[in-house]
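A structural walkthrough
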Amino acid sequence: MAWSIQMIDEVAELIDQHLTWLRDRTRLRSIGDSVEITTPYLDRHNDCLQIYTTRDRAGFVLSDDGYVLEDLELSGLNIDSAKCQASLKTILNGFGVQQKGTALQVNASADNFSLSKHNLVQAMLAANDLSCLASHSDTSRFHREVATWLYQSDVRYSPDVEFIGKSGFNHRIDFVIPKSDAQPERAVIAMDLPSRNAVQALAFSWIDVKDGRSADTQAYVILNDSNKNISQDVERALLIYEVRLVRWTERDDILEEFAS
């Protein structure tokens, strides 16, 4: 019991540190009738993502001003193709974000401004990963491969489950395997591109939602290591946040744990 209380205090401190990090590294600048918000989250060029906020009758409009999709076009991706639009629609719907021309945007009120900003940033990060489509790789394909493997292995799961964290933010979990007599509830994320941003976002999501789940709920991330190496920084971060790393090339090693 004493260990459990100590762990709660440690996790609470980690959350406070994350919020402090987010606040201290966010910059605001007035540009005409809008406010430019520079976030600490990095795109694939290691540039900080920026959001532009304007007022409307209902509250606020938050937009990336077309940055993500226009950058994808410059990378050689046809954003109007059926394949790209299908992937983009799935991403945006998952975060409640709209596409207006080339801009990604969301409407917000004073009450849900933080949640709306969070959802837009997450949508921008996810859409940014569509750059892999330009090199004939499909991020969503890995998600489908994992789903197919679970199904063919007779693993019972619920896909695309949303958990609400202590912050009030919604966090989408790719696969949730329910509790059994032999195993606790298992939350599983499939990650094709284990970038620093993606792992950082995953760590925050898990910290935010874990206290709302059963005490023994276990988080896993399946990383696609088929044609890439998993960095030690990624492994270390997942270990610190108690997220089990499963390499896709070694997936059969975890199968009994998932199927039980």
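My aim in this report is to walk through the structure given alongside it, one point at a time. Remember, it's a predicted structure, so these values are computed and weren't measured experimentally.

Let us now look at the packing of aromatic side chains. One pass over the structure, following the stated rule, counts eight aromatic pairs. With centroids separated by 6.2 Å and ring planes inclined at 55°, the aromatic side chains of W149 and F258 adopt a geometry described as tilted. In this pair, W149 sits in helix α5 (residues 139–152) while F258 sits in helix α8 (residues 255–259), placing the two residues 109 residues apart along the sequence. The interplanar angle of 85° and the centroid separation of 5.3 Å between the aromatic rings of Y157 and F175 together place this pair among those described as edge-to-face. Of this pair, Y157 sits in the loop between α5 and β7 (158–164) while F175 is found in strand β8 (residues 170–177), placing the two residues 18 residues apart along the sequence. A relative accessible area of 0% means that F175 is categorised as buried. Clustering of aromatic rings is evident, with ring pairs tying together F142, W149, Y220, W248 and F258.

This part covers unusual backbone geometry. Residues other than glycine seldom take positive phi values, yet D154 does so here, at roughly 60°. Positioned with a positive phi, D160 is a non-glycine residue whose angle comes to about 50°. For D160, the position within the fold is in strand β7. Take D160: its relative accessible area is 44%, and that puts it in the partly exposed class.

On to the layout of surface pockets. Here the largest pocket defines a volume of roughly 1300 Å³. Forming the walls of the largest pocket are 43 residues, and the residues nearest its centre are F95, A126, D129, R172 and A190. Contributing elements (two or more residues each) for the lining of the largest pocket: α3 (82–95), α4 (113–128), α5, β7, β8, β9 (186–191) and α6 (196–210). Looking at the lining of the largest pocket, its residues break down into 16 nonpolar, 17 polar and 10 charged.

The next point concerns the packing of α3 against α4. Packed helices, taken two at a time, are described by the angle their axes make and the gap between the axes. Running from amino to carboxyl end, α3 crosses α4 at an angle of 160°, the nearest separation of the two axes being 9 Å. As summarised for this structure, α3 and α4 are arranged roughly antiparallel, according to the angle between their axes. Crossing of α3 over α4 shows right-handed handedness. Residues L88, I91, L92 and F95 of α3 touch α4, and the partners they reach there are N119, Q122, A123, A126 and A127.

So, on to the pattern of salt bridges. This model, assessed by the stated rule, comprises seven salt bridges. Across the pair E36 and R29 runs a salt bridge whose closest N-O atoms are separated by 3.0 Å. Measuring nitrogen to oxygen at the nearest pair gives 3.2 Å for the salt bridge that ties K210 to E242. With a gap of 32 residues between them, K210 in helix α6 and E242 in the loop between α7 (232–240) and β11 (243–247) connect regions that are remote in the sequence. The class for K210 is buried, based on a relative accessible area of 19%.

Now for the sheet that holds strand β4 (residues 59–63). What holds strands together in a sheet is hydrogen bonding between their backbones, with the strands either parallel or antiparallel. Strands sit in the order β1-β2-β3-β4-β6-β5 across an open sheet of six strands; the sheet is antiparallel. The open sheet is flanked by β1 (27–31) and β5 (98–100), the only strands paired with a single partner. Strand-to-strand twist of the sheet, defined as the mean angle between neighbouring strand axes without regard to direction, takes the value 35°. Both strand β3 (residues 48–56) and β4 contribute to a ladder of five bridges, which runs antiparallel. Bridge assignment links T53 to a residue of β4, and that residue is L62.

Core analysis: the largest hydrophobic core is formed by 28 residues, its most contacted members being L104 and L120. Elements represented by at least two residues in this core include exactly β2 (34–42), β3, β4, α2 (67–74), α3, β6 (103–108) and α4. Among the elements that take part in this core, α4 stands out by supplying six residues, more than any other. Setting aside residues no more than four positions away along its own chain, L120 makes contact with I51, L62, S63, D64, V97, L104, Q105 and V106. Counting 17 residues, the second largest nonpolar core, distinct from the first, contains F163, A187, V209 and A219.

The rules behind each value
Residues numbered from 1 in each chain as written. Predicted model: local features only at pLDDT ≥ 70, side-chain atom pairs only at ≥ 80, totals over all residues. Heavy atoms only, no water. Phe/Tyr/Trp six-rings, centres within 6.5 Å; stacked < 30°, edge-to-face > 60°. Helix = DSSP H or I, 4+ residues; strand = E, 2+ residues; numbered from the N terminus. Buried < 20%, exposed > 50% of the residue type's maximum accessible area, 1.4 Å probe, protein only. 1 Å grid on protein atoms, 1.4 Å probe; cavity = no way out; pocket = protein on both sides within 12 Å on 5 of 7 lines; lining within 4 Å. Points joined across faces, edges and corners; volume = space filled by probe spheres on them. Nonpolar A, V, L, I, M, F, W, Y, C, P; charged D, E, K, R; others polar. Axes fitted to C-alpha atoms, helices over the stretch in contact; angles between N-to-C directions. Parallel < 35°, antiparallel > 145°, perpendicular 65-115°, else oblique. Left-handed = near helix turned anticlockwise from the far one by under 90°. Contact = heavy atoms within 4.5 Å. Salt bridge = Lys/Arg side-chain N within 4 Å of Asp/Glu carboxyl O. Pairing = 2+ DSSP bridges. Core = buried A, V, L, I, M, F, W, Y, C linked by side-chain atoms within 4.5 Å.

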